[in-house]
Amino acid sequence: MYKRLPESEQAMTGHAVAVTINGEPVHCRQGDSVAAALLAAGHADCRDTPVKGVARGPFCMMGVCYDCLVTIDGQPNQQGCMIQVRPGMVIERQQGARKVMA
Amino acid sequence: MSETDAGTLPPPRARHHKGIYDAVVIGGGLVGSAIAFGLRQCAEHIAVLDEGDVAFRASRGNFGLVWVQSKGMGMPAYGHWTMSSKELWPKLAERLQEITGLEVGLEQKGGLHPVLTEQEYESRIEFMNKLLSQPGMVQYDWKMLDRKELQDMVPGIGPEVVGATWTNVDGVANPLKMLRALHTAFDQQKLDYLPLHPVSEIDKINEVFELTTPHGIIRAHKVVLASGLSNQKLGEKVGLSIPVRPQRGQIVVLERTDRILHTPFSTLRQMDEGTWLIGDSQEEAGYADGVVGLPVLATLADRAARTIPALRSVRVVRSWSALRVMSKDGFPIYEQSTTYPGAFVATCHSGVTLAAAHALRIAPMVIEGSLPDDMSVFSTRRFHVQEAA
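Source: prediction; values computed, not measured. (Residues numbered from 1 in each chain as written. Chains lettered and ligands numbered in written order. Predicted model: local features only at pLDDT ≥ 70, side-chain atom pairs only at ≥ 80, totals over all residues. Heavy atoms only, no water.)

A. Spatial organisation of the overall build of chain B. Each helix and strand in chain B was counted, giving ten helices and 17 strands. Its C-alpha atoms give chain B a radius of gyration of 21 Å, within 12% of the compact-globule value 21 Å for 389 residues. With respect to the three principal axes, the spread of C-alpha positions in chain B is 65 × 50 × 40 Å. Put simply, chain B has 389 residues, and 55% of those count as buried. Taking contacts inside chain B between residues at least 6 apart in sequence as the whole, the part at least 24 apart equals 73%. Accessible surface for chain B amounts to roughly 16500 Å². Of this, 52% is attributable to carbon and sulfur atoms. Chain B carries 39 positive and 44 negative side-chain charges, and their two centres are separated by 2 Å. (Helix = DSSP H or I, 4+ residues; strand = E, 2+ residues; numbered from the N terminus. Rg over C-alpha atoms; globule rule 2.2 N^0.38 Å. Buried < 20%, exposed > 50% of the residue type's maximum accessible area, 1.4 Å probe, protein only. Contact = heavy atoms within 4.5 Å. Areas by Shrake-Rupley, 256 points an atom, 1.4 Å probe, with all protein chains shown as cover. Lys, Arg positive; Asp, Glu negative; His and termini not counted. Charge placed at Lys NZ, Arg CZ, Asp CG, Glu CD.)

B. Molecular detail of the overall build of chain A. Looking only at helices and strands, chain A features two helices and seven strands. Across chain A, helices and strands are ordered from the amino to the carboxyl terminus as α-β-β-α-β-β-β-β-β. Taken against the 2.2 N^0.38 rule, which gives 13 Å for 102 residues, the C-alpha radius of gyration of chain A at 13 Å falls within 12% of a compact globule. Principal axes of the C-alpha set define a box for chain A whose edges measure 40 × 25 × 20 Å. Classification of the 102 residues of chain A by burial places 43% in the buried group. A separation threshold of at least 6 residues defines the contact pool for chain A, and within that pool the share at least 24 residues apart is 40%. In the form shown here, chain A has an accessible surface area of approximately 5900 Å², with 54% of it arising from carbon and sulfur atoms. The averaged location of the 9 negative side-chain charges in chain A is 7 Å from the averaged location of its 10 positive side-chain charges.

C. Molecular detail of the domain arrangement of chain B. All names here are of chain B. Here chain B is described as being made up of domain 1 (17-61 + 176-243 + 329-388), domain 2 (111-168) and domain 3 (245-327). One C-alpha centre belongs to domain 1, the other to domain 3, and the line joining them spans 29 Å. At the interface, 17 residues of domain 1 touch 14 residues of domain 3. Around 1200 Å² of area is buried between domain 1 and domain 3 when both sides are counted, 61% of it from carbon and sulfur atoms. Connecting domain 1 to domain 3 are two salt bridges. The residue lysine 177 makes a salt bridge to aspartate 272 at a minimum N-O spacing of 2.9 Å. Linking domain 1 to domain 3 there are six residue pairs in polar contact (both at pLDDT 80 or more). Here the residues of the side of domain 1 that touches domain 3 sort into eight nonpolar, five polar and four charged. (Domains from an automatic or database assignment. Buried area = accessible area lost by both parts, 1.4 Å probe. Salt bridge = Lys/Arg side-chain N within 4 Å of Asp/Glu carboxyl O. Polar contact = N/O pair within 3.5 Å; in protein donor to acceptor, adjacent residues only side chain to side chain. Nonpolar A, V, L, I, M, F, W, Y, C, P; charged D, E, K, R; others polar.)

Structure (structure tokens):
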């Protein structure tokens, strides 16, 4: 499991970005990617593969593997590692393949 | 190619059969692979000679329709041929699954051709009536669905969609799984698939064909040209004049989603695994298969989004172009050379739809050594007649 470096913890003091992950309030460091925020908060997986339904979580952290797809503010299949956290952001784990119509 | 050049190639796959093959197919795409698979069900020693990854590979770029509606205008025999392949498809898919354990995503639950304007609506009805009223044309039920009927079949159609023609004879397969299943069957049935074996010369010596490749001479009693756009050049070596040209098609691929489109459109389908394909563009663009262009891709995307507006939020993950193999009149060519008997050609632009006819009808004809009279309509003689007239 991942743990923040002390410097990272320190940088958050007084400047934390408040988001929710699966409805739970989470504090992140400014500049964290959604993928980093997920890992720091102990979420190893953020979606299922569409064909076999196997859990997937952030892997490459640089925009190429697409394993970190996640629902952000209601938009499915967003690349968590390429998007920075914003105050009030709503991050939700994706269940199964993304839907086309609600 | 010199021996020095051949030395830079990876070592060839070991051949199961060292002697003269019963038949050799030149071309390892869907057309060649389907015929080779069929030949192997009738004879023991079969080989497929393929190029490398630089080949044009229409088989890796297609849309995967198993399609009947719209086909055969001007040649009713092609309508029948298409229908016979559609009817044989389940048998081919079943046989492939028995041998390889792979299923190829065959779904024959009907298909739709969308119309987006009133004008398209009228001209589509006129076209279908004209197509099916040709003398001797194969008959099947079709219907122009209005918006309401279409809504019952396809969720979320857009306000601009006027309707769609529907038949129960159309369907889809997964072309990549199909090609994989055929090639897996080759290994299981000890058919020699020989990649990096482009053929430069074809000779016939003492009733045996000798095919010159960078890995030496391959011998066979019969040879089938199924090399797509290369057929033109290879045909000349066995006395066949095969007029084919590339017609470029571009495809847009959307990310995988939950499955909502169970009845395919001719221009928009959802794969068995959730990916969306948008296609059916047609361009005369020479051999430029490494190029995609915004004007065509934008038009494809626009029509798809007007058909099912919710697709506007679904991400594009890939696009590509590939070259259809078009004959002069767009219909397939099947013929045995009169000057080099035992040399056959098979070429078409619907390698998926016609795969079953190629495996289960053409292949036995090749082994038999003759194409029946009712196949003569597909010979290149039809082009000569037109020129004389």
